[in-house]
Amino acid sequence: MQIIPQIETPVSKNYSVFEENLIKLLNAIKNNTQNNTGTYNSLPQIIIEQNFGFNALLLCRDLKEKHKIKTAYAFNMRDKNRISLLSDLITLKQIGLKDIIVFEGVHPLKTEFKSAKPVYDIDILGLGLMLKRGLMNDIQADLFNFGAVIGSSAPVDFLKAKKLIDIGADSFFINYGGVNPDESMIKYIKSKNKKLFLNVKELSIKGSLNDFIKSIDNFGFDGVIIKITDENLNVFTRK
Amino acid sequence: MFLTEKKDIQEIDEALKKYKKIGVVGCASCASVCLTGGSREVKEMKKHLEASGKEVTFTISIDEPCDKRVLKEDIRFVEDELKETEAVVVLSCGTGVQTIGEFTQKKVISGTDSKYIAQTEHIGEYYALCGGCDVCRLNFTGGVCTVTLCPKGLLNGPCEGHNGNNCEVFEDKECVFVKSYEMLKKYSEEDNLNKIFEPRDYGHSAARTKI
Ligand code: SF4
Ligand code: SF4
(Lines give C-alpha, C1' and ligand atoms only; values in the text may rest on other atoms or scores of the structure.)
(Ligands and ions follow the chains in the order given, each with its own letter.)
Protein backbone atom coordinates (compact mmCIF):
# COMPACT_ATOMS: atom_id res chain seq x y z
CA MET A 1 0.00 0.00 0.00
CA GLN A 2 1.41 3.35 -0.99
CA ILE A 3 1.64 6.13 1.57
CA ILE A 4 1.16 9.56 0.09
CA PRO A 5 1.63 12.72 2.12
CA GLN A 6 -0.71 15.63 1.59
CA ILE A 7 0.14 19.12 2.69
CA GLU A 8 -1.38 22.57 2.26
CA THR A 9 0.81 25.33 0.90
CA PRO A 10 1.68 27.47 3.91
CA VAL A 11 0.69 31.05 4.58
CA SER A 12 3.89 32.46 5.96
CA LYS A 13 6.83 30.22 5.06
CA ASN A 14 9.49 30.87 2.49
CA TYR A 15 8.61 29.22 -0.81
CA SER A 16 12.06 27.79 -1.65
CA VAL A 17 12.76 26.51 1.85
CA PHE A 18 9.36 24.84 1.92
CA GLU A 19 10.02 23.23 -1.45
CA GLU A 20 13.43 21.90 -0.30
CA ASN A 21 11.94 20.49 2.89
CA LEU A 22 9.29 18.66 0.92
CA ILE A 23 11.98 16.93 -1.12
CA LYS A 24 13.68 15.82 2.11
CA LEU A 25 10.35 14.55 3.40
CA LEU A 26 9.69 12.54 0.26
CA ASN A 27 13.10 10.89 0.59
CA ALA A 28 12.28 9.94 4.18
CA ILE A 29 8.96 8.43 3.09
CA LYS A 30 10.63 6.46 0.32
CA ASN A 31 12.70 4.70 2.98
CA ASN A 32 9.65 3.66 4.98
CA THR A 33 9.34 -0.13 4.69
CA GLN A 34 5.52 -0.02 4.59
CA ASN A 35 5.57 2.17 1.57
CA ASN A 36 5.14 -0.07 -1.39
CA THR A 37 6.05 2.53 -4.01
CA GLY A 38 7.14 -0.03 -6.57
CA THR A 39 3.70 -1.55 -7.08
CA TYR A 40 1.80 1.62 -7.76
CA ASN A 41 4.34 3.85 -9.39
CA SER A 42 1.59 5.50 -11.43
CA LEU A 43 0.26 7.09 -8.26
CA PRO A 44 1.28 10.55 -7.12
CA GLN A 45 4.12 10.82 -4.64
CA ILE A 46 2.68 13.89 -2.98
CA ILE A 47 -0.56 15.83 -2.90
CA ILE A 48 -0.35 19.59 -2.67
CA GLU A 49 -3.49 21.20 -1.36
CA GLN A 50 -4.65 24.72 -2.04
CA ASN A 51 -6.25 26.23 1.01
CA PHE A 52 -5.22 29.55 2.51
CA GLY A 53 -1.56 29.52 1.60
CA PHE A 54 0.48 30.55 -1.45
CA ASN A 55 -0.42 29.38 -4.92
CA ALA A 56 -0.26 25.59 -4.92
CA LEU A 57 -0.23 25.36 -8.72
CA LEU A 58 3.15 27.03 -8.75
CA LEU A 59 4.53 24.49 -6.33
CA CYS A 60 2.97 21.57 -8.24
CA ARG A 61 4.71 22.79 -11.37
CA ASP A 62 8.09 23.12 -9.65
CA LEU A 63 7.87 19.70 -7.99
CA LYS A 64 6.97 18.14 -11.31
CA GLU A 65 9.40 20.00 -13.55
CA LYS A 66 12.38 20.70 -11.32
CA HIS A 67 12.28 17.60 -9.16
CA LYS A 68 10.45 15.09 -11.40
CA ILE A 69 8.02 14.30 -8.61
CA LYS A 70 4.61 12.98 -9.57
CA THR A 71 2.30 15.47 -7.91
CA ALA A 72 -1.46 15.71 -7.47
CA TYR A 73 -3.31 18.96 -6.93
CA ALA A 74 -6.07 19.01 -4.31
CA PHE A 75 -8.59 21.82 -4.13
CA ASN A 76 -12.00 22.62 -2.73
CA MET A 77 -15.29 23.89 -4.13
CA ARG A 78 -15.56 26.50 -1.39
CA ASP A 79 -13.38 29.21 -2.78
CA LYS A 80 -13.86 29.45 -6.52
CA ASN A 81 -16.66 29.74 -9.00
CA ARG A 82 -16.53 27.91 -12.29
CA ILE A 83 -14.71 30.75 -14.04
CA SER A 84 -11.92 30.77 -11.52
CA LEU A 85 -11.82 26.95 -11.46
CA LEU A 86 -11.48 26.97 -15.22
CA SER A 87 -8.49 29.24 -14.93
CA ASP A 88 -6.80 26.74 -12.56
CA LEU A 89 -7.68 23.81 -14.77
CA ILE A 90 -6.23 25.52 -17.83
CA THR A 91 -3.05 26.13 -15.85
CA LEU A 92 -2.93 22.46 -14.84
CA LYS A 93 -3.42 21.49 -18.46
CA GLN A 94 -0.56 23.79 -19.50
CA ILE A 95 1.82 22.32 -16.96
CA GLY A 96 0.74 18.78 -17.83
CA LEU A 97 -0.54 17.87 -14.40
CA LYS A 98 -3.39 15.40 -14.63
CA ASP A 99 -4.17 14.21 -11.12
CA ILE A 100 -6.72 16.34 -9.35
CA ILE A 101 -8.41 15.63 -6.06
CA VAL A 102 -11.50 17.60 -5.22
CA PHE A 103 -13.49 18.04 -2.07
CA GLU A 104 -16.36 20.30 -1.08
CA GLY A 105 -14.23 22.06 1.53
CA VAL A 106 -14.60 23.21 5.09
CA HIS A 107 -17.16 25.98 5.41
CA PRO A 108 -15.70 29.47 6.11
CA LEU A 109 -17.56 29.50 9.45
CA LYS A 110 -15.26 26.69 10.57
CA THR A 111 -12.14 28.58 9.52
CA GLU A 112 -10.54 31.83 10.63
CA PHE A 113 -12.27 33.57 7.69
CA LYS A 114 -15.74 33.54 9.19
CA SER A 115 -17.08 36.46 7.17
CA ALA A 116 -15.84 35.13 3.83
CA LYS A 117 -18.49 34.38 1.24
CA PRO A 118 -18.69 30.64 0.70
CA VAL A 119 -18.74 30.03 -3.04
CA TYR A 120 -19.73 26.41 -3.64
CA ASP A 121 -20.80 27.43 -7.14
CA ILE A 122 -20.76 23.80 -8.18
CA ASP A 123 -20.37 20.69 -6.08
CA ILE A 124 -17.73 18.04 -6.78
CA LEU A 125 -20.24 15.99 -8.69
CA GLY A 126 -21.09 18.97 -10.86
CA LEU A 127 -17.42 19.63 -11.55
CA GLY A 128 -16.80 15.95 -12.33
CA LEU A 129 -19.75 15.95 -14.69
CA MET A 130 -18.49 19.03 -16.52
CA LEU A 131 -14.95 17.64 -16.80
CA LYS A 132 -15.89 14.16 -17.86
CA ARG A 133 -18.34 15.42 -20.47
CA GLY A 134 -16.08 18.16 -21.75
CA LEU A 135 -18.45 20.93 -20.73
CA MET A 136 -15.71 23.31 -19.56
CA ASN A 137 -14.43 25.54 -22.31
CA ASP A 138 -10.99 24.56 -23.60
CA ILE A 139 -10.74 21.48 -21.39
CA GLN A 140 -11.32 18.37 -23.44
CA ALA A 141 -13.44 15.60 -21.92
CA ASP A 142 -11.68 13.29 -19.51
CA LEU A 143 -8.39 15.21 -19.52
CA PHE A 144 -7.94 14.83 -15.78
CA ASN A 145 -7.82 11.89 -13.43
CA PHE A 146 -10.68 12.98 -11.27
CA GLY A 147 -10.33 12.04 -7.61
CA ALA A 148 -13.24 12.68 -5.26
CA VAL A 149 -13.06 13.01 -1.49
CA ILE A 150 -16.09 11.46 0.22
CA GLY A 151 -17.36 10.49 3.64
CA SER A 152 -18.33 6.94 4.43
CA SER A 153 -20.19 7.11 7.70
CA ALA A 154 -23.78 7.34 6.42
CA PRO A 155 -25.73 5.39 3.77
CA VAL A 156 -26.14 8.62 1.84
CA ASP A 157 -22.34 8.74 1.33
CA PHE A 158 -22.57 5.46 -0.52
CA LEU A 159 -25.17 7.02 -2.83
CA LYS A 160 -22.90 9.94 -3.53
CA ALA A 161 -20.09 7.51 -4.37
CA LYS A 162 -22.40 5.69 -6.78
CA LYS A 163 -23.32 8.94 -8.50
CA LEU A 164 -19.64 9.85 -8.75
CA ILE A 165 -18.95 6.49 -10.37
CA ASP A 166 -21.82 7.12 -12.79
CA ILE A 167 -20.29 10.38 -13.94
CA GLY A 168 -16.87 8.74 -14.36
CA ALA A 169 -14.81 9.70 -11.30
CA ASP A 170 -11.49 7.86 -11.43
CA SER A 171 -10.50 7.54 -7.81
CA PHE A 172 -11.97 7.89 -4.36
CA PHE A 173 -10.54 9.25 -1.15
CA ILE A 174 -12.50 8.19 1.89
CA ASN A 175 -12.22 10.53 4.84
CA TYR A 176 -11.14 8.71 7.95
CA GLY A 177 -12.65 10.03 11.15
CA GLY A 178 -11.38 7.43 13.60
CA VAL A 179 -13.87 4.74 12.54
CA ASN A 180 -13.08 2.23 9.82
CA PRO A 181 -15.02 2.89 6.63
CA ASP A 182 -18.07 1.00 5.46
CA GLU A 183 -16.84 -2.26 3.90
CA SER A 184 -19.72 -2.54 1.42
CA MET A 185 -18.79 0.85 0.05
CA ILE A 186 -15.16 -0.21 -0.30
CA LYS A 187 -16.21 -3.40 -2.11
CA TYR A 188 -18.51 -1.49 -4.42
CA ILE A 189 -15.89 1.08 -5.40
CA LYS A 190 -13.27 -1.63 -5.94
CA SER A 191 -15.73 -3.69 -8.00
CA LYS A 192 -15.92 -0.75 -10.39
CA ASN A 193 -12.13 -0.85 -10.80
CA LYS A 194 -11.63 2.54 -9.23
CA LYS A 195 -8.58 3.46 -7.21
CA LEU A 196 -9.40 3.81 -3.55
CA PHE A 197 -7.52 5.64 -0.85
CA LEU A 198 -8.01 6.38 2.80
CA ASN A 199 -7.64 10.04 3.72
CA VAL A 200 -6.22 10.42 7.19
CA LYS A 201 -5.27 13.48 9.20
CA GLU A 202 -2.05 12.67 11.01
CA LEU A 203 -3.62 13.71 14.32
CA SER A 204 -6.13 10.86 14.05
CA ILE A 205 -3.31 8.32 14.05
CA LYS A 206 -2.99 6.99 17.56
CA GLY A 207 0.28 5.16 18.02
CA SER A 208 2.87 4.62 15.31
CA LEU A 209 2.31 5.08 11.60
CA ASN A 210 3.35 1.49 10.90
CA ASP A 211 0.83 0.11 13.36
CA PHE A 212 -1.86 2.22 11.80
CA ILE A 213 -0.99 1.05 8.30
CA LYS A 214 -1.08 -2.57 9.50
CA SER A 215 -4.52 -2.00 11.03
CA ILE A 216 -6.02 -0.98 7.68
CA ASP A 217 -4.01 -3.37 5.56
CA ASN A 218 -6.86 -5.77 4.86
CA PHE A 219 -9.33 -3.24 3.50
CA GLY A 220 -7.89 -3.30 0.01
CA PHE A 221 -6.98 0.37 -0.27
CA ASP A 222 -4.56 1.29 -3.03
CA GLY A 223 -2.99 3.81 -0.75
CA VAL A 224 -3.31 5.94 2.31
CA ILE A 225 -3.10 9.69 2.19
CA ILE A 226 -1.66 11.21 5.34
CA LYS A 227 -2.44 14.85 5.73
CA ILE A 228 0.39 16.54 7.58
CA THR A 229 0.52 20.09 8.82
CA ASP A 230 4.26 20.60 9.02
CA GLU A 231 6.81 19.42 6.47
CA ASN A 232 9.56 19.02 9.05
CA LEU A 233 7.78 17.73 12.10
CA ASN A 234 5.23 15.08 11.28
CA VAL A 235 4.28 11.46 11.51
CA PHE A 236 6.96 10.54 8.98
CA THR A 237 9.83 12.34 10.64
CA ARG A 238 9.00 11.67 14.32
CA LYS A 239 11.33 9.11 15.87
CA MET B 1 -43.20 35.43 5.42
CA PHE B 2 -40.22 37.61 4.66
CA LEU B 3 -38.28 38.21 7.85
CA THR B 4 -37.05 41.68 8.73
CA GLU B 5 -35.30 43.04 11.79
CA LYS B 6 -35.38 46.57 13.16
CA LYS B 7 -32.56 48.69 11.90
CA ASP B 8 -30.21 50.48 14.26
CA ILE B 9 -32.04 53.75 15.01
CA GLN B 10 -28.81 55.76 14.70
CA GLU B 11 -28.51 54.76 11.05
CA ILE B 12 -32.08 55.98 10.45
CA ASP B 13 -31.42 59.25 12.28
CA GLU B 14 -28.25 59.78 10.26
CA ALA B 15 -30.05 59.16 6.97
CA LEU B 16 -32.78 61.64 7.98
CA LYS B 17 -30.39 64.35 9.10
CA LYS B 18 -31.11 66.82 6.30
CA TYR B 19 -34.88 66.22 6.18
CA LYS B 20 -37.46 67.87 8.37
CA LYS B 21 -40.87 66.69 7.14
CA ILE B 22 -41.09 62.93 7.38
CA GLY B 23 -43.76 60.38 6.51
CA VAL B 24 -43.82 56.88 8.03
CA VAL B 25 -45.13 53.83 6.17
CA GLY B 26 -45.61 50.45 7.81
CA CYS B 27 -46.32 47.07 6.29
CA ALA B 28 -49.38 45.28 7.61
CA SER B 29 -48.16 41.95 6.20
CA CYS B 30 -44.77 40.33 6.86
CA ALA B 31 -43.17 43.24 8.76
CA SER B 32 -46.20 43.40 11.02
CA VAL B 33 -45.89 39.68 11.85
CA CYS B 34 -42.25 40.00 12.81
CA LEU B 35 -42.89 43.18 14.79
CA THR B 36 -40.81 45.49 12.68
CA GLY B 37 -43.42 47.38 10.71
CA GLY B 38 -46.88 46.91 12.25
CA SER B 39 -49.02 49.76 13.59
CA ARG B 40 -47.23 49.64 16.97
CA GLU B 41 -43.82 50.08 15.32
CA VAL B 42 -45.19 52.87 13.11
CA LYS B 43 -46.40 54.69 16.26
CA GLU B 44 -43.04 54.15 17.96
CA MET B 45 -41.21 55.55 14.94
CA LYS B 46 -43.49 58.61 14.90
CA LYS B 47 -42.80 59.22 18.59
CA HIS B 48 -39.07 58.87 18.08
CA LEU B 49 -39.03 61.24 15.11
CA GLU B 50 -41.07 63.86 16.93
CA ALA B 51 -38.81 63.58 19.95
CA SER B 52 -35.88 64.19 17.59
CA GLY B 53 -37.46 67.43 16.38
CA LYS B 54 -38.92 66.18 13.10
CA GLU B 55 -42.35 66.99 11.80
CA VAL B 56 -44.24 63.79 10.99
CA THR B 57 -46.49 64.60 8.04
CA PHE B 58 -48.36 61.29 8.01
CA THR B 59 -48.31 57.68 9.17
CA ILE B 60 -49.94 54.83 7.33
CA SER B 61 -49.94 51.04 7.35
CA ILE B 62 -50.23 49.53 3.91
CA ASP B 63 -51.44 45.96 3.53
CA GLU B 64 -48.69 44.98 1.11
CA PRO B 65 -46.40 47.84 0.16
CA CYS B 66 -44.54 45.47 -2.16
CA ASP B 67 -47.67 45.13 -4.31
CA LYS B 68 -48.00 48.19 -6.51
CA ARG B 69 -51.74 47.63 -6.95
CA VAL B 70 -52.35 47.74 -3.19
CA LEU B 71 -49.91 50.58 -2.71
CA LYS B 72 -51.64 52.68 -5.37
CA GLU B 73 -54.99 52.30 -3.61
CA ASP B 74 -53.78 52.87 -0.04
CA ILE B 75 -51.38 55.74 -0.66
CA ARG B 76 -54.29 57.86 -1.87
CA PHE B 77 -55.28 58.34 1.79
CA VAL B 78 -52.17 60.43 2.35
CA GLU B 79 -51.86 61.99 -1.10
CA ASP B 80 -51.93 65.59 0.13
CA GLU B 81 -49.58 65.02 3.06
CA LEU B 82 -47.16 63.22 0.75
CA LYS B 83 -46.81 66.33 -1.40
CA GLU B 84 -45.24 68.29 1.45
CA THR B 85 -43.17 65.33 2.72
CA GLU B 86 -39.42 65.37 2.17
CA ALA B 87 -38.59 61.79 3.11
CA VAL B 88 -40.45 58.59 3.95
CA VAL B 89 -39.31 56.05 6.54
CA VAL B 90 -40.50 52.66 5.37
CA LEU B 91 -40.88 49.85 7.86
CA SER B 92 -40.99 46.94 5.46
CA CYS B 93 -38.59 44.66 3.62
CA GLY B 94 -36.27 46.01 0.93
CA THR B 95 -38.82 45.24 -1.77
CA GLY B 96 -41.42 47.44 -0.05
CA VAL B 97 -38.90 50.25 0.45
CA GLN B 98 -37.95 50.29 -3.21
CA THR B 99 -41.53 49.97 -4.42
CA ILE B 100 -42.54 53.00 -2.34
CA GLY B 101 -39.51 54.96 -3.48
CA GLU B 102 -40.25 54.25 -7.13
CA PHE B 103 -43.96 54.92 -6.80
CA THR B 104 -43.84 58.11 -4.72
CA GLN B 105 -40.61 59.49 -6.20
CA LYS B 106 -39.66 60.55 -2.67
CA LYS B 107 -36.49 59.92 -0.74
CA VAL B 108 -37.06 56.64 1.14
CA ILE B 109 -35.24 55.44 4.25
CA SER B 110 -35.33 51.80 5.18
CA GLY B 111 -36.25 51.16 8.79
CA THR B 112 -35.46 47.45 8.72
CA ASP B 113 -32.81 44.94 7.71
CA SER B 114 -34.15 42.29 5.35
CA LYS B 115 -33.22 38.74 6.27
CA TYR B 116 -34.83 35.78 4.51
CA ILE B 117 -38.03 33.96 3.66
CA ALA B 118 -38.92 32.51 7.03
CA GLN B 119 -40.97 29.84 8.65
CA THR B 120 -42.39 31.17 11.92
CA GLU B 121 -42.16 28.87 14.92
CA HIS B 122 -43.40 31.65 17.17
CA ILE B 123 -42.66 35.36 17.34
CA GLY B 124 -38.91 35.71 17.67
CA GLU B 125 -38.11 32.22 16.38
CA TYR B 126 -37.82 31.85 12.64
CA TYR B 127 -36.22 29.42 10.25
CA ALA B 128 -34.97 29.82 6.70
CA LEU B 129 -36.23 26.89 4.67
CA CYS B 130 -36.24 28.27 1.13
CA GLY B 131 -33.81 30.64 -0.52
CA GLY B 132 -35.88 31.06 -3.68
CA CYS B 133 -33.24 29.39 -5.84
CA ASP B 134 -35.18 29.57 -9.09
CA VAL B 135 -35.60 25.87 -9.84
CA CYS B 136 -37.20 24.04 -6.95
CA ARG B 137 -35.79 20.57 -6.30
CA LEU B 138 -38.07 19.64 -3.41
CA ASN B 139 -39.87 17.01 -5.50
CA PHE B 140 -36.63 15.04 -5.72
CA THR B 141 -35.29 15.51 -2.21
CA GLY B 142 -38.07 14.20 -0.03
CA GLY B 143 -39.37 17.71 0.55
CA VAL B 144 -36.32 19.10 2.35
CA CYS B 145 -34.29 21.83 0.71
CA THR B 146 -30.60 21.03 0.42
CA VAL B 147 -29.92 24.41 -1.21
CA THR B 148 -31.02 26.31 1.89
CA LEU B 149 -30.56 23.88 4.74
CA CYS B 150 -27.10 22.72 3.76
CA PRO B 151 -24.79 25.64 4.66
CA LYS B 152 -22.82 24.78 1.52
CA GLY B 153 -25.94 24.61 -0.65
CA LEU B 154 -24.86 21.29 -2.16
CA LEU B 155 -27.10 19.44 -4.58
CA ASN B 156 -25.73 15.96 -5.04
CA GLY B 157 -24.97 14.52 -1.66
CA PRO B 158 -23.27 15.33 1.60
CA CYS B 159 -19.88 16.93 1.98
CA GLU B 160 -16.99 14.98 3.40
CA GLY B 161 -17.28 16.70 6.77
CA HIS B 162 -20.42 15.27 8.42
CA ASN B 163 -20.07 12.76 11.24
CA GLY B 164 -22.55 10.18 9.99
CA ASN B 165 -25.54 12.14 11.16
CA ASN B 166 -24.81 15.72 12.07
CA CYS B 167 -23.69 18.68 10.01
CA GLU B 168 -20.06 19.73 9.90
CA VAL B 169 -20.99 23.39 10.23
CA PHE B 170 -23.92 23.37 12.66
CA GLU B 171 -22.95 20.41 14.75
CA ASP B 172 -26.22 20.25 16.68
CA LYS B 173 -28.23 19.88 13.46
CA GLU B 174 -28.76 16.83 11.29
CA CYS B 175 -27.00 16.91 7.91
CA VAL B 176 -29.77 17.74 5.46
CA PHE B 177 -28.73 14.92 3.14
CA VAL B 178 -29.22 12.42 5.95
CA LYS B 179 -32.69 13.91 6.42
CA SER B 180 -33.41 13.86 2.71
CA TYR B 181 -32.37 10.19 2.55
CA GLU B 182 -34.75 9.34 5.41
CA MET B 183 -37.62 11.19 3.76
CA LEU B 184 -37.09 9.57 0.36
CA LYS B 185 -37.04 6.15 2.03
CA LYS B 186 -40.17 7.02 3.98
CA TYR B 187 -42.05 7.93 0.80
CA SER B 188 -40.57 4.99 -1.14
CA GLU B 189 -38.95 7.36 -3.60
CA GLU B 190 -35.56 5.66 -3.60
CA ASP B 191 -35.14 6.30 -7.33
CA ASN B 192 -34.63 9.97 -6.59
CA LEU B 193 -31.59 9.12 -4.48
CA ASN B 194 -29.67 8.44 -7.69
CA LYS B 195 -30.70 11.63 -9.41
CA ILE B 196 -27.77 13.73 -10.57
CA PHE B 197 -28.40 17.46 -10.42
CA GLU B 198 -26.49 19.45 -12.97
CA PRO B 199 -24.76 22.62 -11.72
CA ARG B 200 -27.12 25.49 -11.01
CA ASP B 201 -27.67 27.97 -13.81
CA TYR B 202 -27.03 31.34 -12.22
CA GLY B 203 -27.50 33.07 -15.55
CA HIS B 204 -31.08 31.96 -15.43
CA SER B 205 -31.54 33.18 -11.84
CA ALA B 206 -30.04 36.58 -12.67
CA ALA B 207 -32.81 37.18 -15.20
CA ARG B 208 -35.56 36.67 -12.65
CA THR B 209 -36.16 40.35 -12.02
CA LYS B 210 -38.53 40.02 -14.98
CA ILE B 211 -40.59 36.89 -15.31
S1 SF4 C 1 -34.95 24.10 -3.93
FE2 SF4 C 1 -35.01 25.07 -1.95
S3 SF4 C 1 -34.33 27.19 -2.31
FE4 SF4 C 1 -34.88 26.32 -4.27
S5 SF4 C 1 -37.01 26.96 -4.52
FE6 SF4 C 1 -37.03 24.87 -3.66
S7 SF4 C 1 -37.17 25.18 -1.44
FE8 SF4 C 1 -36.58 27.15 -2.35
S1 SF4 D 1 -22.72 18.14 6.78
FE2 SF4 D 1 -24.46 18.01 5.37
S3 SF4 D 1 -25.69 19.85 5.73
FE4 SF4 D 1 -23.71 20.16 6.72
S5 SF4 D 1 -22.46 21.26 5.23
FE6 SF4 D 1 -22.04 19.08 4.91
S7 SF4 D 1 -23.51 18.39 3.39
FE8 SF4 D 1 -24.22 20.36 4.11
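Above this text sits the structure in question.
These lines cover the structure that appears in this document, whether it is placed above or below. (Residues numbered from 1 in each chain as written. Chains lettered and ligands numbered in written order. Predicted model: local features only at pLDDT ≥ 70, side-chain atom pairs only at ≥ 80, totals over all residues. Heavy atoms only, no water.)

1. Comments concerning the site of ligand 2
All names here are of chain B.
Here's step 1: Lining the immediate surroundings of ligand 2 are 13 residues, of which Cys150, Cys159, Cys167, Glu168 and Cys175 lie closest.
Here's step 2: Taking a 2 Å distance to the grid points as the criterion, the majority of the atoms of ligand 2 fall inside the second largest cavity.
Here's step 3: Split by residue class, the shell around ligand 2 holds 10 nonpolar, 1 polar and 2 charged. (Near = heavy atom within 4 Å. 1 Å grid on protein atoms, 1.4 Å probe; cavity = no way out; pocket = protein on both sides within 12 Å on 5 of 7 lines; lining within 4 Å. Sits in = over half its atoms within 2 Å of the grid points. Nonpolar A, V, L, I, M, F, W, Y, C, P; charged D, E, K, R; others polar.)

2. Digging into the packing of aromatic side chains
Residues and elements named next belong to chain A.
Here's step 1: For the structure shown, the criterion picks out 9 aromatic pairs over all chains.
Here's step 2: Centroid distance Phe158 to Tyr188: 5.4 Å. Interplanar angle 65°. Geometry classified as edge-to-face. Of this pair, Phe158 sits in helix α5 (residues 155-167) while Tyr188 is found in helix α6 (residues 183-191), placing the two residues 30 residues apart along the sequence.
Here's step 3: On the basis of relative accessible area, Phe158 is assigned to the buried category, the value being 17%.
Here's step 4: With a centroid separation of 4.7 Å and 10° between ring planes, the pair formed by Phe173 and Phe197 is classed as stacked. Within this pair, whereas Phe173 is found in strand β6 (residues 171-175), its partner Phe197 is found in strand β7 (residues 195-201), the two being separated by 24 residues in sequence. Pair check on accessibility: Phe173 and Phe197 agree, each one buried.
Here's step 5: Ring pairs connect the aromatic residues Tyr15, Phe18 and Phe54, which therefore count as one cluster.
Here's step 6: Sitting over the ring of Tyr188, Lys162 keeps its end group 5.4 Å from the ring centre. (Phe/Tyr/Trp six-rings, centres within 6.5 Å; stacked < 30°, edge-to-face > 60°. Helix = DSSP H or I, 4+ residues; strand = E, 2+ residues; numbered from the N terminus. Buried < 20%, exposed > 50% of the residue type's maximum accessible area, 1.4 Å probe, protein only. Lys NZ or Arg CZ within 6 Å of the ring centre and 35° of its normal.)

3. Some points on the sheet that holds strand β6 (residues 112-122) of chain B
Residues and elements named next belong to chain B.
Here's step 1: Strand order in the open sheet formed by 3 strands is β1-β6-β7, and the pairing between neighbours is antiparallel. Both edges of this open sheet fall to β1 (2-6) and β7 (125-128), since each of them pairs with a single strand only. In this sheet, neighbouring strand axes are inclined to one another by 70° on average, regardless of whether the strands run parallel or antiparallel.
Here's step 2: Direction of pairing for β1 relative to β6: antiparallel, over a ladder of 4 bridges. By the bridge assignment for β6, Lys6 is matched with Thr112. (Pairing = 2+ DSSP bridges. Axes fitted to C-alpha atoms, helices over the stretch in contact; angles between N-to-C directions.)

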